[in-house]
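Letter by letter, the chains look like this.
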There are 4 protein chains.
Amino acid sequence: MQMGMIGLGRMGGNMVKRLREDGHEIVGFDMNPESGRDVDSLEALVAALEAPRVVWVMVPAGKPTDSTVEQLGELLEPGDIVVDGGNSKYTEDREHAAALSEKGIGFLDCGVSGGVWGAERGYALMIGGSDKDYETVLPIFQSLKPEGEYGLVHAGPVGGGHFAKMVHNGIEYGMMQAFGEGFATMLRSEYVTNPAETMTSWRTGSVVASWLLDLLDNATKNDPELKSVPAVANESGEAKWMVEAALELGVPVPTTAAALWQRQTSRGGADDILRVVTALRAQFGGHVTKVDEIATH
Amino acid sequence: MQMGMIGLGRMGGNMVKRLREDGHEIVGFDMNPESGRDVDSLEALVAALEAPRVVWVMVPAGKPTDSTVEQLGELLEPGDIVVDGGNSKYTEDREHAAALSEKGIGFLDCGVSGGVWGAERGYALMIGGSDKDYETVLPIFQSLKPEGEYGLVHAGPVGGGHFAKMVHNGIEYGMMQAFGEGFATMLRSEYVTNPAETMTSWRTGSVVASWLLDLLDNATKNDPELKSVPAVANESGEAKWMVEAALELGVPVPTTAAALWQRQTSRGGADDILRVVTALRAQFGGHVTKVDEIATH
Amino acid sequence: MQMGMIGLGRMGGNMVKRLREDGHEIVGFDMNPESGRDVDSLEALVAALEAPRVVWVMVPAGKPTDSTVEQLGELLEPGDIVVDGGNSKYTEDREHAAALSEKGIGFLDCGVSGGVWGAERGYALMIGGSDKDYETVLPIFQSLKPEGEYGLVHAGPVGGGHFAKMVHNGIEYGMMQAFGEGFATMLRSEYVTNPAETMTSWRTGSVVASWLLDLLDNATKNDPELKSVPAVANESGEAKWMVEAALELGVPVPTTAAALWQRQTSRGGADDILRVVTALRAQFGGHVTKVDEIATH
Amino acid sequence: MQMGMIGLGRMGGNMVKRLREDGHEIVGFDMNPESGRDVDSLEALVAALEAPRVVWVMVPAGKPTDSTVEQLGELLEPGDIVVDGGNSKYTEDREHAAALSEKGIGFLDCGVSGGVWGAERGYALMIGGSDKDYETVLPIFQSLKPEGEYGLVHAGPVGGGHFAKMVHNGIEYGMMQAFGEGFATMLRSEYVTNPAETMTSWRTGSVVASWLLDLLDNATKNDPELKSVPAVANESGEAKWMVEAALELGVPVPTTAAALWQRQTSRGGADDILRVVTALRAQFGGHVTKVDEIATH
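Residues numbered from 1 in each chain as written. Chains lettered and ligands numbered in written order. Predicted model: local features only at pLDDT ≥ 70, side-chain atom pairs only at ≥ 80, totals over all residues. Heavy atoms only, no water.

As named in an unreviewed UniProt entry, chain A is 6-phosphogluconate dehydrogenase, taken from Bifidobacterium imperatoris.

See the structure below:
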């Protein structure tokens, strides 16, 4: 089928390639003239598509997506559908859908997992929106998803796709932290001489066999103790949103939060906490933590 | 090769079957006369094997394993090897190995993952002990492990096999808790109408694809909200040991511990904590948590 | 000085009493005719005060406060000041202050700690708002606060009073949880025969001496093991807000969150997590947690 | 009464001073000739005391205490009593008591809180051991404890004193972490302009009023943001033991553990965890955390 794609970066570009290989007619637009775009404006994109149109937005969440959706609201016609395939928050989806709905334009939010491997393996897709809109765009989803029975779900109403992706990423945080805790414990122990080889051996036959473990095999091939990797980690936002959502829902999520906090701490988030602890220890016990002491610890 | 197997329960029995299918000559013993045992005593087991012997112990950790290893120390000869395939703690391995070593008997500890599926898929094996003993028993390990490159590792010296298995299970706790937190968050949310189908869709193409997710698909097929499953969970000991080991090594393991604590809490472990909290709230604020209030919350 | 008080419940009523004892002229209003109110409407309250007026709002956060502040915006005059002494969220303060500011009306938010003991001991007060408004209402704060150097702070701009109170309550959650963990650990141990007496002994001379420990002494006097107290705890919202605020600020707050989650778990929040864990264990290992097993554990 | 004191460091020396001021006859010994000791050997100490003797051991836990108790076992007579006032683990107490008991020598373990302030304010004491031994040494405890009703408890049998002190310190960790989390959250927020003054104001009238808050007032007087204090904290062992004990007892202690882990993390304990997380992110998403990026974050 025919579709417009806005945003031809690594994710959007790979998706267009995969869709075209499957026979779809994709009209691509990007702000960057060197992106290999087919048209040079949103107006031109809309003009190049036959109504009822489907336009996939694959740009950064927040202002870029807000602005794109707003402009599409001006340019599109009743019966057209906007798909937000970026990393918007589920609450933003509701706002976008409501604004478009006033003009008779449909909206689907699509959480996408698979990273740089998706181009080849297919992307796991989670969709939020109405049954009718979902059915219309289904041929596109079918081409983007991996082979087989899994990899695509109509998770719920508008917002459900990004809510599911948020939860997916929260779980991913927890899993990576769990693997990290295991690796670090073995690395410090005298009992296990080769933590990376040990974890790699679990790729088959073990209860923890998983794609992340497959990736860990790659990552440790030339650096079994990961000494070249910095001991800091950034965050992408979804885990924070998941903890917030769970707080509101009354669901404790200590594992997801612990993973997030370990990353925040690696970037200095707990420094002032430690200053209080060390200042108090000095007050009551004369225990002053000297940096020298630490360095040689 | 020839080997003795002590303990013909679900795990030991399945292993014997898998080993015999692969051409090994296994002499089996179990305390239970109806176990299908080949001999009716440890003495008979030892007598039935040609020196140098290999004897695999597959009985519950603690006293049963202690007692079996002690008896084998009396019955075996220098050059023989004992393999502990049960769930002993890594510190116990060192004691067992030291006692056997005085009599010239070798020792390997073998952590086994794979559960009831191992009989068919093969077991993931983690081995601790000397290179020499490992090489001797390798044909057995080769037959028990799954097809392919992975599923077997010589993790380190004596204790390393069970240490690795302990860490493996700690990671497993964290992963299951992470999946649980995601499922529970979606189940309470209005955004995702089918949490089980959503999670199942991640089996292919997603970053969290894993064997546990495959199993969750089975588990939720006829009970998508898992309402028939009790909201309590037992523990098997390894996660507790892992947290203890990590505490000693100075490695924070909040994810593993959170998973353990959620299970302990489900069995009443936090009840007295909550009594203190509620008693204090009543003292300073007149906030008394009444059970009635809770019930209707 | 003269002031209007809206809300004559336990907190508001006690405050009026304390203020009148200190010579202030308080005009009280409450929706409830049996509250001992001085006037029977907001209009009458405003009419009874001389400009520039100070009106203290002491009603539940959310709609009651929103509605009261909105009505006061209609009734008051430029130069008047509204004080919100309830439990509003700091973000709501900004909205209230902005709406009142358009009409030239000042706004202070005041976090209040001290519970039922405040009537006698004085209340710890945390104020947010401009220096000018703070100075105007200072005589009132002086009368409400405890004797001595401490118990009153101008914490910051509008919202700062409730932000500080939110953090105060988050800390309170963490402290109560810490005491609870210690009590529960001693209660299960064979080493300490009288946990309540042990904790009470720390009221003097120990590093953990605190008012909460004084209250624990009261609470355990006739029930040393707190067996009459239900093992469930409610939450009042502030700890949840604090965790959310800290998440946004990138500050890890595992202690505050753990305290909150223990309460949420006591009300069933983790049930679905445990169902996933137990369902998965049954899938891979045949470990089914039976409720009978648990009961006799 | 008469007593021997072994170990005249900061704690032991201050205690001797306090005891002598209260009229006790103390014979002091220390390995250090410049400690102001009364005798120059354990033998001389024992010789200088009239039977039945009481000897207080105030030396570092572990080998120094083990060795001292062992020597006292050789030198003392049936009916004498050893008091261990150091920071031994409760399990060590049982070993020491058992060894001494074989020779008819009594044993009490005494947890001591109060830090450098104890000399003046008195020490909070927690005692483990038999009623008979406790009664014998009671005059000493009475002189060391603070004025008033609290500050001394006979917590349980041998080991109970150090178990109680261990729990006390675990609670102390949790409380300090809670204060730290609150301080750090306010410091990063735009709402509270003076976190130290805000926290100090809680010293009176608030639910979190506590001695630690009094100490924080001291600590922040000349450095309100604690910028001169290093963002690292050591640990003294007791919180680790408490988490281990609670794990065995099945009591979740997330708050105590979170406080401990924050300190371990500040000394690099989580570095390898973060390396795994960042390595995996690079594998699946091309998210590489660059140190430069972090530095400017």
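**Let's talk about the sheet that holds strand β6 (residues 124–128) of chain C**
All names here are of chain C. With mixed pairing, 7 strands are arranged side by side in an open sheet as β2-β1-β3-β4-β5-β6-β7. Edge strands, defined here as strands with exactly one partner in the open sheet, are β2 (25–29) and β7 (152–156). Strand-to-strand twist across the sheet, computed as the mean angle between neighbouring axes with direction ignored, equals 25°. The sheet contact formed by strand β1 (residues 2–6) and β2 spans 5 bridges and is parallel. (Pairing = 2+ DSSP bridges. Helix = DSSP H or I, 4+ residues; strand = E, 2+ residues; numbered from the N terminus. Axes fitted to C-alpha atoms, helices over the stretch in contact; angles between N-to-C directions.)

**What to know about the relation of the copies chain D and chain C**
Its rotation angle being 180°, the transformation that places chain D on chain C also includes 0.0 Å of axial translation and leaves an RMSD of 0.0 Å. Both copies are brought into coincidence by an operation consistent with a two-fold rotation axis. For chain D, the smallest separation between a C-alpha atom and the rotation axis is recorded for S210 of chain D, amounting to 1.9 Å. Take the interface residues of chain D: 100% of them recur as interface residues in chain C, which is what a same-surface contact looks like. (Least-squares fit on C-alpha atoms with pLDDT ≥ 70 in both. Contact = heavy atoms within 4.5 Å.)

**A look at the relation of the copies chain A and chain C**
For the pair chain A and chain C, the best superposition has an RMSD of 0.0 Å and corresponds to a rotation of 180° with a translation of 0.0 Å parallel to the axis. Most of the interface of chain A is mirrored in chain C, where 100% of its interface residues are also at the interface.

**Description of the packing of helix α7 (residues 160–188) of chain A against helix α7 (residues 160–188) of chain B**
The axes of two packed helices give the description: the angle between them and the distance between them. Where α7 of chain A meets α7 of chain B, the closest approach of the two axes is 9 Å, and the angle between their N-to-C directions is 165°. For the element pair α7 of chain A / α7 of chain B, the angle class is roughly antiparallel. In the crossing of α7 of chain A with α7 of chain B, the sense of the turn from one axis to the other is right-handed. From α7 of chain A, F163, A164, V167, I171, G174, M175, A178, F179, G182, T185 and M186 of chain A reach across to α7 of chain B, where they touch F163, A164, V167, I171, G174, M175, A178, F179, G182, T185 and M186 of chain B. Among the residues making up the contact of α7 of chain A with α7 of chain B, the classes are represented as 16 nonpolar, 6 polar and no charged. (Parallel < 35°, antiparallel > 145°, perpendicular 65-115°, else oblique. Left-handed = near helix turned anticlockwise from the far one by under 90°. Nonpolar A, V, L, I, M, F, W, Y, C, P; charged D, E, K, R; others polar.)

**Considering the side chain of Q264 of chain A**
Note on placement: Q264 of chain A falls in helix α11 (residues 254–266). For Q264 of chain A, a relative accessible area of 2% corresponds to the buried category. Excluding anything up to four places from it in sequence, Q264 of chain A contacts E235 and G269 of chain A together with L247, G250, V251 and P252 of chain C. (Buried < 20%, exposed > 50% of the residue type's maximum accessible area, 1.4 Å probe, protein only.)

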